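Notes for the structure review
Here is how the chains run, residue by residue.
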Amino acid sequence: MGRRGGRGLYVGRRAAALLAALLLALLAALLALAALYGRCRQEAPPPPPPASPAGPGRGRGPGPGPAAAAAPPGPAAAAGLGRRLPRHLVPLHYDLELWPQVRPGQAGPFAFSGQVNITVRCRQDTDAAVLHSSGLRSRGAAAVRGPLPEPGAAVEVAGLRQEAAGEVAVLELRGRLRAGRRYVLQLGFQGRLEEDLDGLFLTRYTDQGRSSMVIASQLEPTYARTVYPCFDEPAMKATFNIRIIHDPSYVALSNMPAIDVSEMKDENGSLWAVTTFNTSLKMSTYLTAFVICDFDYVTRTERGNKIRIWARKEAVKNGYVDYALNITGPVFSFLEDLLNVSYPLPKTDLVALPDFGAGAMENWGLMTFQESSLMFLPSDKFTSRKAMIAIMVSHELGHQWFGNLVTMNWWNDLWLNEGLASYFEYLGATFVESKISLDKIFYDRVVQPVLREDNEIGVRSLSESEDKIKGSFSLMSLFDSITYNKGASITWMLSGFLTQKLFIRALTLYLKEFSFSNANQDDLWTHIQMVIDAQDEVQLPAPVKQIMDSWTCQNGFPVLTLNLTTGTISQEQFLNKKNEKSTDSYNNTWIIPISWMRNGSSQPLMWLDKSSKVFPEMQVSESEYDWILLNVNLSGYYRVNYDQLNLKRLARLLENDPKAIPAVSRFQLIDDVFALTQFGYIQIETALELTKYLAREDELFVWNVVLLNLVPENLESTLKNYEVYPLLKVLFIKMLMLWKVTILLTCWLGLQDCLNLSSELYAKWMDNPEYEIPFLIRRTVCCYGVAVGSDKEWNFAWEMYNHTDSTKEDKDILLSAMSCAKESWLLYRYLQYGLSDTLFSSSCTSVIILYVVTKDIGHRIAWEFVTENWPLLSERYGKELLHDVLKVMGRYVNTDVQIQELQVFYNATLEEDERVATTLLLEFTKFENMERRELLSKVASWLQKNVDD
């Protein structure tokens, strides 16, 4: 699955983890448990009874019908209250009929019904059949046929009970199902068809000026059970025969090719189309997929694989999906050749959905995408847009092998799906877009962002025990940067020290061994070990499992400290030394591959397999030109802390000859020293010394990491209030004279040329709405076009937002731009618009508030708006919106008076436990803000000494 799309402002893991710790008052206990937990688990045997990780409250239907009346839980029903289904029955095949009762132009509410016949093998005698079902009502009487192949044989069903808390349906039987025999479970069902983007859902959109609807599915991780009763666990694979009944004006798509389209009449005599699909390959329930639409498509065939890209008619007509079509086949072929495993399906559909909660979803043979993840405007000259689409498409295609062909055994090893697909997405993208620099984009988008998150108390390990996942995580929380980015980073490191040749050879063995089946991470280590044992080119200091468990089964990552005088390298977990509670409870050790260079020459790979080790090769002479660089090109998942001697030599080297250090290593060096500063390992002045060379830096991605560390995430925030701003402005302007950084930075610095350019391009757009502002700078131009304008510019943004042809991405850009207004009355009006159901969908209101609250003049206006309209906002959004606003408002809390002012409102609106948590968070934010002021004061002092006016 692509990274989950957010609705609103992203809040960093750090604040969330600290708040959780404060709320629970269990920080010390958590640390102790984490220290004890340490290494990887042995896989637990399949547990008895179980149920959904999604938890209660997920139900979408109107409640149990007569055939599913409540009853006291018996032994079989209690099975559903755990986390996993009992293993008495194993599904072999599904015959599934699905009927969404939707006609074009229908107002709603919407419903769907269906019938599922599941062929199962009985592994253990049982008098009950337990399977997943959530929010569905039964339709007709349930039945059990068999044992097969005895004609007419059946087992009488005593009753069907729905266990809402466990998300299971229990068929209680008057007879017994016998081990070794096959049976067919027959269940009719019905449910509500919602517009919530999960399970089977409906989305409205506009195409060629006409309102229309599309029905689609999103079943990962546990939403298949909301669409049809099933054995909804990844290891319970089966084949599927699927039949969809739909309005004749629509086309129906599923995992396999359609083999027949016929007609039927309902009880009222109305005509419906019936599309029947070929039998699927053996697959997990979460990969079954359904789309009913009146889209158009473009098509081509690659190596017998019929590829179609579906989208709104207007988008297809304008060529917006042509680029996706042009790259999909070549990426397929690239992965087939690389992995030496053929794609097993005869067709692949990629569908651009106008609204979709996930960035994309890898359903076998029927992948679904947000429109913005699949569409490229032919007039757009910027390659960054193509790169993003190539990455998204390559990610989902990578899943066809990692996730679909071989699926993780349980969600605790989700990284085997998402981490490996995230690794291969970059290989695929750089194959079709040769201008993309693989290492630069990988470190900028994958490694560096997760290093900034994977260092806090409470962050989980990449692979957890099954028991821990069942008991303490919701499955959706696993779809995070640890799974995606850390999984990809660890894979990159593994490929590096094995060599890609051996790594791919091992993956090929792994894929062929577990095709149409399931695996856990130990299965992957076993197959890598087999390849290592069969050659003598690469020697490892320990078994593959021992090396890799140290990275996947413990939290965080190490920082290496190098002493050049003695050649000693020591390791410790990278944690915040300013937080006394975080420094003494961990004693983790990793087995670390160390790539390194001396004076510009690459050296043989070294391994650090203990807490400290002396490497005589790394002792340096007194010459200032004798220097060492570790973790060359960020090939390992760790940070490096150099002693002052080496840092001074590296700083001097950068000033004299920056190209002597590879670009990725310059990126890494700067990011490491600022992270070490933030976490109390070194002083800020040491980090700033490494920035003196920046006037000679010509790599944009290196500049990005400099700006990330020197400038707050939100360029409109409070940095301008500090004495450091004018000094940073002088520094950056001096550098901009030599090299243009980004339009965003120059506008933020207030450079008139940039503001004039934004006004000019925005005015061109106002004069001719067909004019397209280049995508790469569209967000910046729109924001500053509105900011330096008046209500005329704001009203134009509002008009274009409501334009029927605007893409979802452009709408989001305009939502943000309208919050950039500098006149208070415009922001007040904008927020009032946000309350109207007729002007915005309800999901937009919170986004508008969060956009406004992040702006200099907007944060106070938004806060007053929230407090004045809280009864309505609370009814619409609950406490979630308030918590999001609070986290943003925290940036502006500097005094006790400000805390008290916020606290008055919270005392009147929150429950007691929430008020306690709020007070703690506000106090923590105040401390952080004080710490930041102290840090910026040091930055200002350094800049005064080192930057000439």
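Residues numbered from 1 in each chain as written. Predicted model: local features only at pLDDT ≥ 70, side-chain atom pairs only at ≥ 80, totals over all residues. Heavy atoms only, no water.

**A few points about the overall build of the protein**
Let me state the cut-off plainly: Only DSSP runs of H or I reaching four residues or more are called helices, and only runs of E reaching two or more are called strands; each is numbered from the N terminus. Buried, partly exposed and exposed residues are distinguished by accessible area as a fraction of the type maximum, computed with a 1.4 Å probe on protein chains only: under 20%, between the cut-offs, and over 50%, respectively. Contacts: residue pairs with any heavy atoms within 4.5 Å of one another. For the area figures, the Shrake-Rupley method with a 1.4 Å probe applies, and any residue is considered shielded solely by the protein chains shown.
Regarding its fold elements, the protein presents 30 helices and 30 strands. For the protein, buried positions account for 59% of its 949 residues. Taking all contacts inside the protein whose residues are at least 6 apart in sequence as the whole, residues at least 24 apart take part in 73%. If you sum the accessible surface of the protein, you get close to 36700 Å²; carbon and sulfur atoms cover 52% of it.

**Some points on the confidence of the model for the protein**
Defined as follows: One confidence number per residue, pLDDT, is output by the predictor and ranges from 0 to 100.
Across the protein, the average pLDDT comes to 82, with 81% of residues at or above 70. Every residue in residues 4–82 is under pLDDT 50, and counting partners more than four places away or in other chains gives 172 contacts. Confidence drops under pLDDT 50 across residues 713–719; counting only partners more than four residues distant or on other chains, this segment forms 21 contacts.

**Description of the pattern of salt bridges**
The test is simple: Salt bridge criterion: a side-chain nitrogen from Lys or Arg within 4 Å of a carboxyl oxygen from Asp or Glu.
All told, the structure shown has 39 salt bridges when counted by the stated rule. Among the ionic pairs, E150 bridges to R181, the shortest N-O distance being 3.1 Å. Note that E150 is positioned in the loop between β5 (143–148) and β6 (154–155) and R181 in the loop between β8 (168–177) and β9 (182–193), a separation of 31 residues in sequence. Exposure remark for E150: the relative accessible area of 40% places this residue in the partly exposed category. By relative accessible area, which is 31% here, R181 ends up partly exposed. With a closest N to O distance of 2.8 Å, R639 and D672 form a salt bridge. Taken as a pair, R639 in strand β30 (residues 639–642) and D672 in helix α15 (residues 663–678) lie far apart in primary sequence, 33 residues in all. Residue R639 is classed as buried on the basis of its relative accessible area, which comes to 1%. Under the relative-accessibility criterion, D672 is labelled buried at 3%.

**Structural notes on the pairing of strand β19 (residues 347–353)**
This is how it is decided: The pairing criterion for strands is at least two bridges between them, as found by DSSP.
With 7 of 7 residues buried, β19 is to be regarded as a mostly interior element. Across the two faces of β19 the burial is the same, with K347, D349, V351 and L353 and T348, L350 and A352 all buried. As defined by bridge partners, strand β18 (residues 305–311) adjoins β19 across 5 bridges and the pair is classed as parallel. For R308, the partnering residue across the bridge sits in β19 and is D349. When β19 meets strand β21 (residues 366–370), the two strands line up parallel, connected through 5 bridges. Across the sheet, A352 pairs through a bridge with F369, a residue of β21.

**Focus: the packing of aromatic side chains**
What counts here: Between rings of Phe, Tyr and Trp, where Trp is taken as its six-membered ring, a pair exists when centres lie within 6.5 Å; planes separated by under 30 degrees are stacked, by over 60 edge-to-face, and by other angles tilted.
Applying the stated criterion across every chain yields a total of 39 aromatic pairs. Arranged with centres 4.5 Å apart and planes meeting at 5°, the rings of Y94 and F240 form a pair that is stacked. Of this pair, Y94 sits in strand β1 (residues 89–100) while F240 sits in strand β12 (residues 239–246); the two residues are 146 residues apart in sequence, bridging distant segments of the chain. Residue class for F240 comes out buried when judged on its relative accessible area of 1%. Taken together, a centroid distance of 5.5 Å and an interplanar angle of 75° make the contact between W794 and Y830 edge-to-face. Linking W794 in helix α22 (residues 791–801) with Y830 in helix α24 (residues 824–834), this pair joins segments that are 36 residues apart in sequence. With relative accessibility at 0%, the residue Y830 sits in the buried group. Three or more aromatic residues joined by ring pairs form one cluster here, namely F402, Y423, F424, Y426, F442, Y443, W492 and F503.

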